[in-house]
Amino acid sequence: MSKCIAFHSYKGGTGKTTLACNSAILLAKRGYSVCLLDLDIYAPSFHLYFSKEPRKWINDFLTSSADIRDVMIDVTDSLNNQRRQSDTIESIKRDDGNEVEVTGKLWVGFSNPQKKEIFKLEIADAETKRQAIRRFVQFREILTSELGADYIIVDTSPGIRFWSINSLAIADILLLTLKMSDLDIDGTRIVAEEIYRFFIELGSKAFLVYNMVQGYCVPREAVSVKEGLSNLSTYAIAQPLLGDVTSVTQLPQRLNEIEDPGSISTNLGVEIISFIPCYCDIQFLKKEFLTVIKYRHHPFTSQIEKLIDTLS
Ligand SMILES: Nc1ncnc2c1ncn2[C@@H]1O[C@H](COP(=O)(O)OP(=O)(O)OP(=O)(O)O)[C@@H](O)[C@H]1O
Ligand SMILES: [Mg+2]
C-alpha cells in the first residue's frame, strides 16, 4: 500500500517544491519506489528543475487516456550521474568505502507549463472537470499498481484554487508549509479551518511544517544588538533557541514563548512536525532541489531526514 504525502501552503514561496523534491529524493535514496508529482498545475516547475520533457504530461493523463508510462519518467540514473559528474558534490562514501547509490526508484510526473494547457484545465466545463477528477483519483491507484510506488510525493499550487485543493484529495498526509510571518500564519489558520479540516474529517492527517525559520543565517552580532532593545524580534530570539535545541519536539513550546506559531496547531489539533531554519546557502544554490544528494552533511539534509523519519 502506497503512502501519499502532499506539500501545500496558503501563500506561495514557502518551500513546497524544495521540500517535496528533497524528500522524494531522500526516500528513493533509502530504497523506496517514489513517484514525485508536479501538481502545481498553475505554475509548473519540474521541467526546469529536472531539465526533462516527458512524452505526455500529467495534463494529458487528466484530460485524455495517456498511458502512465508515457507520463512518468524514471530519473533514478540521472540522480546517480548528477552526483558523479558534479565537481561541487562531496564524495559520498559508505563506511566500507563503496559509493552510496540511490537504490530505490524516483519517477517524476511533469505538469505542462504551456499557457493554453493550463487554461484548458482551469476553465474546463463542469463535465471535463468531473472527468479530470475521476482520472485524478485513478492516478494514485495506477502509480501504485503499475509502478509499484511506495511513496507518492505531491507538490501543489499555493492557495485555494480548484487544482490546489483537488491535489490534496489523494493524499494521506498533508504537510502545510508556512513561514513565520503574520500573513502566512493567519492565512494558514483560515485555510486550515475552512479546507484542511474537511480532509482531516475524511481521514487525512495534517501537520504543520514551519520553513525558513529565522535563526541559522542571522549572525550572532545581530542577536546581541537586538538584545539591548526592549521589543525583541523573533529572529533575535530564534537564534539562541535554535542553537541548543536537540529535537524538533522541544522547539514548538519554546517558540511559543515568542509569538504564537502553535495556535493553529492547538485550535485544529494539527501537530507541528518541523521547524526548518532558513539556510541562505540553500536559497542561492542553482539546484536546491538536489541538496540532500549533493550536500549529504548539510543541516538542511538532516532536517529532511528527520521529517522523513517522522512520516515514514
Ligand atoms: N529552508 C530553506 N532555507 C533557505 N531557502 C529555502 C528553504 N526552503 C526553501 N528555500 C528557498 O525558498 C525559495 C522558494 O522555495 P520553493 O520554490 O520551494 O517554494 P514554493 O512554496 O514551491 O513556491 P511556489 O508557491 O511559488 O511554488 C527557493 O529559492 C528555495 O531555494
Ligand atoms: Mg513551488
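Values in this document were obtained by computation on a predicted structure and should not be read as measured data.

(A) Here's a closer look at the environment of F136. With respect to the helices, strands and loops of the structure, F136 is situated in helix α7 (residues 126–147). In this structure the C-alpha to C-alpha distance between F136 and I58, which are 78 residues apart in sequence, comes to 9.3 Å. Those residues within four positions of F136 in sequence are excluded, and the remaining contacts are L39, L62, W163, N166, S167 and I170.

(B) Structural context of the pairing of strand β1 (residues 3–8). With 5 of 6 residues buried, β1 lies mostly within the body of the structure. As judged from the 4 bridges shared by β1 and strand β6 (residues 173–178), these two strands associate in the parallel manner. From the neighbouring strand, H8 faces β6, where its bridge partner is L176.

(C) Structural context of the packing of aromatic side chains. Using the criterion set out here, one finds 11 aromatic pairs in the structure. An angle of 65 degrees between the planes, with centres 5.8 Å apart, marks the rings of F46 and F50 as edge-to-face. On the basis of relative accessibility, which here comes to 0%, the residue F46 falls in the buried class. The buried category is assigned to F50, whose relative accessible area is 11%. What links up through ring pairs into an aromatic cluster is the set F46, Y49, F50, F110 and F289. One residue, K129, lies across the ring of F162, its end atom 4.5 Å from the ring centre.

(D) The arrangement of the side chain of T177 in detail. Note that T177 resides in strand β6. The class of T177 is buried, set by a relative accessible area of 1%. Not counting residues within four places of it along the chain, the set of residues in contact with T177 comprises F7, H8, S9, T14, K16, L19, V209 and N211.

(E) View of the environment of Q131. Relative to the elements of secondary structure, Q131 occurs in helix α7. Along the backbone, Q131 and L62 are 69 residues apart, and their C-alpha atoms lie at a distance of 7.7 Å.

(F) Structural detail: the nonpolar core. Core analysis: the largest hydrophobic core is formed by 48 residues, its most contacted members being L37, L62, M72, F139, L143 and Y210. Counting the residues that make up this core, at least three belong to each of domain 1 (1–171 + 283–312) and domain 2 (186–277). In this structure F139 touches L37, I58, F61, I68 and M72, once residues within four positions along its chain are discounted. Counting residues in each nonpolar core, the second largest holds 42 residues, with L19, V108, Y279 and I308 among its members.

Scoring rules and cut-offs
- Residues numbered from 1 in each chain as written.
- Chains lettered and ligands numbered in written order.
- Predicted model: local features only at pLDDT ≥ 70, side-chain atom pairs only at ≥ 80, totals over all residues.
- Heavy atoms only, no water.
- Helix = DSSP H or I, 4+ residues; strand = E, 2+ residues; numbered from the N terminus.
- Contact = heavy atoms within 4.5 Å.
- Buried < 20%, exposed > 50% of the residue type's maximum accessible area, 1.4 Å probe, protein only.
- Pairing = 2+ DSSP bridges.
- Phe/Tyr/Trp six-rings, centres within 6.5 Å; stacked < 30°, edge-to-face > 60°.
- Lys NZ or Arg CZ within 6 Å of the ring centre and 35° of its normal.
- Core = buried A, V, L, I, M, F, W, Y, C linked by side-chain atoms within 4.5 Å.
- Domains from an automatic or database assignment.

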